[in-house]
Amino acid sequence: VQGLECMSGKMNENEHTDFEGQVAIVSGGAAGIGEGVVRALSQRGANVVIADKDNQAAGALVKAIGSSSVTSVEVDIAQAEQVSAAVEGVLGQFQKIDILVNCAGWNAFMNPTDYTVEYWQRVRSINLDGTWYFSQAVAVPMRERRRGKIVNFGSSAGILANPHQAPYCVAKHGIVGITRAMAVDLGSYQIN
């Protein structure tokens, strides 16, 4: 909740956060942390679009929440074309995007000598490339409106090295870099 207050520009913990009329995309929103973000934003009045590869789980969450303000779109965030199409669809429906929350992620524990090229690319593409694809896609309409919030979920693996998680650590270190670089490049457009 404190993070949501920061997204709305309110830093006082005692203030009620109001996202009424705002449009949010939550990648990986069908389960886990993403589901929690979807529920919190929808409870505070936002129109929320769950962007997830698991269309069945996303649909079940939309049904469970039971509000017309929560919808879903099936998208593999590792595919730039699917991300672009999802963002265009949201813009077509709502004419704007106020908030992007990048929650999608995947990891498996493996001895570094057992990594394959396919494994390395899968971990990187889901955890790093997908965040970049979504951030870049929403940055264009946000820059035109001169406002927006992009929240990228990282991990302690983005600061420390964890055993048997080299590709994940690399990807999460990259999340820190993307977030810092985009803040520098987009801050003057009131995109945080």
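Up top you'll find the structure we're talking about.
Residues numbered from 1 in each chain as written. Predicted model: local features only at pLDDT ≥ 70, side-chain atom pairs only at ≥ 80, totals over all residues. Heavy atoms only, no water.

Draft legend 1. Spatial organisation of the overall build of the chain. Counting its regular elements, the chain contains six helices and five strands. Secondary structure elements of the chain occur, N-terminal to C-terminal, as α-β-α-β-α-β-α-β-α-β-α. Over its C-alpha atoms the chain spans a radius of gyration of 16 Å, differing by no more than 12% from the 16 Å that the globule rule assigns to 192 residues. Across its three principal axes, the chain shows a C-alpha extent of roughly 50 × 35 × 35 Å. In the chain, buried positions account for 44% of the 192 residues. Across the chain, contacts joining residues at least 24 apart in sequence account for 61% of those joining residues at least 6 apart. When the accessible area of the chain is evaluated, it comes to approximately 9,700 Å², of which 52% is carbon and sulfur surface. Across the chain, the 15 positively charged side chains and the 18 negatively charged ones have centroids separated by 4 Å. (Helix = DSSP H or I, 4+ residues; strand = E, 2+ residues; numbered from the N terminus. Rg over C-alpha atoms; globule rule 2.2 N^0.38 Å. Buried < 20%, exposed > 50% of the residue type's maximum accessible area, 1.4 Å probe, protein only. Contact = heavy atoms within 4.5 Å. Areas by Shrake-Rupley, 256 points an atom, 1.4 Å probe, with all protein chains shown as cover. Lys, Arg positive; Asp, Glu negative; His and termini not counted. Charge placed at Lys NZ, Arg CZ, Asp CG, Glu CD.)

Draft legend 2. Highlighting the side chain of aspartate 98. Looking at the secondary structure, you find aspartate 98 in the loop between α4 (80-94) and β4 (99-102). Of the polar contacts made by the side chain of aspartate 98, one reaches the side chain of arginine 145; its length is 3.0 Å. The contact partners of aspartate 98, leaving out residues within four places of it in the chain, are Gly21, Gln22, Val23, Met142, Arg145, Arg147, Gly148 and Lys149. (Polar contact = N/O pair within 3.5 Å; in protein donor to acceptor, adjacent residues only side chain to side chain.)

Draft legend 3. Layout of helix α2 (residues 32-43). Taking 1.5 Å of rise per residue, 12 residues should cover 16 Å, and α2 covers 17 Å from first to last C-alpha, within 8% of that figure. Among the residues of α2, those classed as buried are Gly34, Val37, Val38, Ala40, Leu41 and Ser42. Looking one or two residues beyond α2, the residue adopting positive phi is glycine 45, at roughly 100 degrees. (Expected span 1.5 Å × (residues − 1).)

Draft legend 4. Expanded view of the pattern of salt bridges. For the structure shown, the criterion picks out six salt bridges. In this structure, lysine 96 engages aspartate 98 in a salt bridge whose closest nitrogen and oxygen atoms are separated by 3.3 Å. The exposure class assigned to aspartate 98 is buried, which follows from its relative accessible area of 3%. When the shortest N-O distance is used, the salt bridge between aspartate 98 and arginine 145 registers 3.0 Å. Of this pair, aspartate 98 sits in the loop between α4 and β4 while arginine 145 sits in helix α5 (residues 117-145); the two residues are 47 residues apart in sequence, bridging distant segments of the chain. A residue is classified by how much of its surface remains accessible, and arginine 145, at 32% relative accessible area, is partly exposed. What emerges from the salt-bridge pattern is a single network uniting Lys96, Asp98, Arg145 and Arg147. (Salt bridge = Lys/Arg side-chain N within 4 Å of Asp/Glu carboxyl O.)

Draft legend 5. Quick peek at the sheet that holds β4. Taken together, the five strands give an open sheet; going across it, the order is β3-β2-β1-β4-β5, and neighbouring strands pair in parallel fashion. Each having just a single partner strand, β3 (70-74) and β5 (149-152) make up the two edges of the open sheet. The sheet shows a mean angle of 15 degrees between the axes of neighbouring strands, direction not considered. Across five bridges, the pairing between strand β2 (residues 47-52) and β3 is parallel. Bridge assignment links valine 49 to a residue of β3, and that residue is threonine 71. Sheet contacts for α5: β1 (23-27), β2, β4 and β5; angle to β4, the most-contacted strand, approximately 175 degrees. (Pairing = 2+ DSSP bridges. Axes fitted to C-alpha atoms, helices over the stretch in contact; angles between N-to-C directions.)

Draft legend 6. Region of the structure containing the packing of α4 against α5. Contact geometry for α4 and α5: axes closest at 9 Å, N-to-C directions at 35 degrees. Considering only the axes of α4 and α5, their crossing is right-handed. Within the contact between the two elements, α4 uses Ala80, Val83, Val87 and Leu91 and α5 uses Tyr133, Phe134, Ala137, Val138 and Pro141. A class-by-class count of the residues in the contact of α4 with α5 yields nine nonpolar, no polar and no charged. (Left-handed = near helix turned anticlockwise from the far one by under 90°. Nonpolar A, V, L, I, M, F, W, Y, C, P; charged D, E, K, R; others polar.)

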